[in-house]
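# Coordinate analysis (summary)
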Amino acid sequence: MSFVTRGFHGRRRDDDGRLPPGQHLTGDFPVLSAGPTPRIPLDEWELWVATEEGTRHTWSWAELMALAADEPTVDIHCVTSWSKLDTTWRGVSLDTILADVETAADYALVHSYGGYTTNLPLEDLLDGKAWVAYEFEGDDLHPEHGGPARLLVPHLYFWKSAKWVHGIELVLEDTPGFWEQLGYHDYGDPWREQRYQGD
Amino acid sequence: MQDKDSGEEPVGGAGLDGNVLAGPLSEVFAVDITTAVGRCRGCGASSAIATLRVHGPQPGLVGRCPGCDDVLLRIVRTPDAVWLDLGGLTSLRIPSAG
Amino acid sequence: MARAAIPGGLSARRAWRPARLLERRVETASASTLVLEVADWPGHLPGQHVDLRLTADDGYTATRSYSLSAPAEGDRVEVTVQRVPDGEVSTFLCDDLQLGDAALLRGPVGGWFVWRPEQPGPVLLVAGGSGVVPLMAMLRARPADGPPFRLVYSVRQPDDVIYRAELDALGRAEGVDVRYVFTRRGAGEDDGDERPPGRLRAADLDAAGWGPADAPTCYVCGPTGFVEAAATILAAAGHDPARIRTERFGPSGS
Ligand SMILES: Cc1cc2nc3c(=O)[nH]c(=O)nc-3n(C[C@H](O)[C@H](O)[C@H](O)COP(=O)(O)OP(=O)(O)OC[C@H]3O[C@@H](n4cnc5c(N)ncnc54)[C@H](O)[C@@H]3O)c2cc1C
Ligand SMILES: [Zn+2]
């Protein structure tokens, strides 16, 4: 970038060594969304997992609450270059949710209430790397931030952590989601700065 | 959240409208597309692009139908390309002189 | 003054190019007008905007839209920026951009929220906060013998009115009516302001000569919540939705 406006730094704080390249700390929690915020009554809420064979598993809100929960403390990294350190969440590990699901799929296409989708390899949802989260910093997850429940996959850019998560479609081939169809990276590793396709 | 100077409270949903697409679309089209009329594949309504409900600008701009909220268009700017999806539109009527 | 032709060589409008700060005028405690020099400015229509981009030395950029507030004078164009608390770009433009330094600019753009001087009929302008900026460009472009204009301008309190002296002068001119709506604190009855403070109401937009039958083209601009409320009032009063043009500045009420 050759053209610089002298003195402009943006609303950013210094890197403390824990940040992936090109990221900056933010104190607040910016809201990014591609559509209106869906409001889903808990008695209608449902999580589904569909396998490549067509088998469907579902969980009601009460059933989700009955599953053992974790309280991960993680750093999150948004592709728009802000990061937030040591965020605390409560949610159910995808290992628990997928424990009894039989599949040969290598990929997941995650679906949200409101129509958003995002894709990632199934293995990135397993081994304690991903949760269906319903509390943030000790409070119910606010609808603006994806409540009642969102996916949390902190080792990938945050657009993979789908807000208002509704279902997980297990597929044999990687199938681009809402932003991945439009130039964003299929994997999205912040440490390798995989923001856009080809990165 | 109370707004800063007009005394109105912001509403939920899209913060912007299609006027904000004028600059980004000027990178792609030779004429101003915000005055063009798009027809929604979902509900059939026709709307000037300037009247779409727009979310963004990050990670990308999403223009939704003012009638049914379906996604009509999306624009992502990467360092070396503009990605444009007009798939929610069945047609785009672009006014032209003469 | 206003140009009738559709302005702009295409290539000039679509490229990012430097806009150098020539002058900054403080308008209110929170708003300033920036006079920018842009080489080979193609001219513009009242209501059009530009995109401004700031770039840090590590390549980080921030881009925002700003309406042109006045007709161009050669290569000099004006924008008026309302400082938004903690706003990344508005605070830099109001406080930190140095005279002689430049931001990148793209534009003029936007062909929908514009007033064309050859367009027939009265013009009803409804502004919330900094939404007055493109409407001021329309008022400034109105010829002395132009169609009737009415501006209804909503702000929190009298001190927040941008362009106050010029608006008061314009409001005394033939064919122009300017009315302020204060949402938190009015000017007081001593100053002839009998309206109790509060949000824009149907009565604020209802005036003889400005009803649906008079068929004004309505331009509504400001923070998103304001624009939706005002457009709803106009439509409910019977104004043809096809004659209500809106421009939303964003959810934060900038
Ligand atoms: C077509 C157009 C024309 C415009 N013309 C003008 C003009 O003439 N004059 C003018 O002053 N402004 C104008 N604006 C607004 C301007 O583009 C900026 O939005 C404004 O200056 C704020 O930018 P910022 O970087 O200072 O604030 P930001 O740093 O972007 O944000 C400011 C504050 O708003 C909050 N905020 C931002 N986005 C959201 C959101 N989605 N939900 C809730 N809160 C949010 C942030 O949290 C922050 O507190 C125009 C906008 C458009 C679309
Ligand atoms: Zn529609």
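Residues numbered from 1 in each chain as written. Chains lettered and ligands numbered in written order. Predicted model: local features only at pLDDT ≥ 70, side-chain atom pairs only at ≥ 80, totals over all residues. Heavy atoms only, no water.

Assigned secondary structure in chain B consists of 1 helix and 8 strands. Reading chain B from its N end, one meets helices and strands in the order β-α-β-β-β-β-β-β-β. For chain B, the residues scored as buried account for 48% of the 98 residues in total. Residue pairs in contact within chain B that sit at least 24 positions apart in sequence constitute 45% of those at least 6 positions apart. A total of about 4100 Å² of accessible surface is found on chain B, and carbon and sulfur atoms cover 52% of it. (Helix = DSSP H or I, 4+ residues; strand = E, 2+ residues; numbered from the N terminus. Buried < 20%, exposed > 50% of the residue type's maximum accessible area, 1.4 Å probe, protein only. Contact = heavy atoms within 4.5 Å. Areas by Shrake-Rupley, 256 points an atom, 1.4 Å probe, with all protein chains shown as cover.)

Contacts between the two partners involve 16 residues from chain A, matched on the other side by 19 residues from chain B. Together chain A and chain B conceal approximately 1500 Å² of surface at their shared face, both sides included; 68% is due to carbon and sulfur atoms. Inspection of the region where chain A meets chain B yields 0 salt bridges. Scanning the region where chain A abuts chain B turns up 4 residue pairs in polar contact (both at pLDDT 80 or more). Taken together, the residues of the side of chain A that touches chain B break down into 9 nonpolar, 7 polar and no charged. (Buried area = accessible area lost by both parts, 1.4 Å probe. Salt bridge = Lys/Arg side-chain N within 4 Å of Asp/Glu carboxyl O. Polar contact = N/O pair within 3.5 Å; in protein donor to acceptor, adjacent residues only side chain to side chain. Nonpolar A, V, L, I, M, F, W, Y, C, P; charged D, E, K, R; others polar.)

The next thing to look at is the packing of aromatic side chains. Under the definition given, this model contains 20 aromatic pairs over all chains. Plain terms: the ring middles of A:Phe29 and A:Trp82 are 6.0 Å apart, the flat faces sit at 70° to each other, and that makes the pair edge-to-face. Separated by 53 residues along the polypeptide, A:Phe29 in the loop between β1 (24-25) and β2 (46-50) and A:Trp82 in strand β5 (residues 82-93) bring together distant segments of the chain. Between the aromatic rings of C:Tyr153 and C:Tyr180, the centroid separation amounts to 6.2 Å while the plane-to-plane angle is 55°, which identifies the pairing as tilted. Of this pair, C:Tyr153 sits in strand β8 (residues 149-155) while C:Tyr180 is found in strand β9 (residues 176-182), placing the two residues 27 residues apart along the sequence. Residues C:Tyr153 and C:Tyr180 agree in their burial class; the two are buried. Positioned over the ring face of A:Phe178 is B:Arg74, at 4.5 Å from the centre of the ring. Its end group placed over the ring of C:Trp112, C:Arg245 keeps NZ or CZ at 3.7 Å from the ring centre. (Phe/Tyr/Trp six-rings, centres within 6.5 Å; stacked < 30°, edge-to-face > 60°. Lys NZ or Arg CZ within 6 Å of the ring centre and 35° of its normal.)

Ranked by internal contacts, the top residues of the largest apolar core, which has 43 residues, are A:Leu94, A:Ile97, A:Leu125, A:Val132 and A:Trp179. Taken together, the elements giving at least two residues each to this core come down to β2, α1 (61-66), α2 (94-97), β6 (107-112), β8 (131-136) and β11 (165-171) of chain A. Per element, the largest residue contribution to this core is 3 residues, and it comes from β11(A). When near neighbours in sequence (up to four residues on either side) are disregarded, A:Leu94 contacts A:Leu125, A:Leu126, A:Ala130, A:Trp131, A:Val132, A:Leu151 and A:Ile168. One finds C:Leu125, C:Val132, C:Leu139 and C:Ala141 within the second-largest nonpolar core, a separate group that totals 30 residues. (Core = buried A, V, L, I, M, F, W, Y, C linked by side-chain atoms within 4.5 Å.)

Take unusual backbone geometry next. Residue B:Gly56 is joined to B:Pro57 through a cis peptide bond whose omega torsion reads 10°. Following the sequence through the fold, B:Pro57 ends up in the loop between β4 (53-55) and β5 (61-64). Along the chain, C:Gly107 connects to C:Pro108 via a cis peptide bond; the corresponding omega equals 5°. Following the sequence through the fold, C:Pro108 ends up in strand β6 (residues 102-109). A positive phi angle is found at A:Asp86, which is not glycine, with a value near 55°. With respect to the helices and strands, the residue A:Asp86 is situated in strand β5.

Looking now at the sheet that holds strand β2 (residues 37-40) of chain B. What holds strands together in a sheet is hydrogen bonding between their backbones, with the strands either parallel or antiparallel. All names here are of chain B. Spatially, the 3 strands line up as an open sheet ordered β3-β2-β8, and their pairing is antiparallel. Where the open sheet ends on each side, the last strands, each with one partner, are β3 (46-48) and β8 (89-93). Taking each pair of neighbouring strands and ignoring which way they run, the sheet shows an average axis angle of 25°. Looking at chain direction, β2 and β8 are connected through 4 bridges and run antiparallel. The partner of Val37 across the bridge, within β8, is Arg93. (Pairing = 2+ DSSP bridges. Axes fitted to C-alpha atoms, helices over the stretch in contact; angles between N-to-C directions.)

What follows covers the coordination of the zinc ion (ligand 2). Ideal donor angles around a metal are set by the shape: a four-donor tetrahedron calls for 109.5 degrees, a six-donor octahedron for 90 or 180 degrees. Residues and elements named next belong to chain B. Those protein atoms acting as donors to the zinc ion (ligand 2) are Cys40 (SG), Cys43 (SG), Cys65 (SG) and Cys68 (SG), and they sit at 2.3 to 2.4 Å. Coordination geometry of the zinc ion (ligand 2): the 4 donor atoms subtend angles of 103 to 113° at the metal centre, consistent with an arrangement described as tetrahedral. Considered as a linear motif, the donors of the zinc ion (ligand 2) on their single chain read C-x2-C-x21-C-x2-C. Pair noted here: Cys43 is in the loop between β2 and β3 and Cys68 is in the loop between β5 and β6 (71-78), with a separation of 25 residues, a long-range link. (Donors = N, O, S within 2.8 Å, 3.2 Å for Na, K, Ca; no water. Tetrahedral: all angles 85-135°; square planar, octahedral: opposite > 155°, others 65-115°.)

Residues and elements named next belong to chain C. Assigned domains of chain C: these are domain 1 (10-109) and domain 2 (123-249). Computed from C-alpha coordinates alone, the two centres of domain 1 and domain 2 are separated by 25 Å. There are 0 salt bridges connecting domain 1 and domain 2. For the pair domain 1 and domain 2, the interface holds 3 residue pairs in polar contact (both at pLDDT 80 or more). Counting only elements with at least two residues in the side of domain 1 that touches domain 2, the list comes to β2 (31-37) and β5 (76-82). No other element matches the 3 residues that β5 contributes to the side of domain 1 that touches domain 2. (Domains from an automatic or database assignment.)

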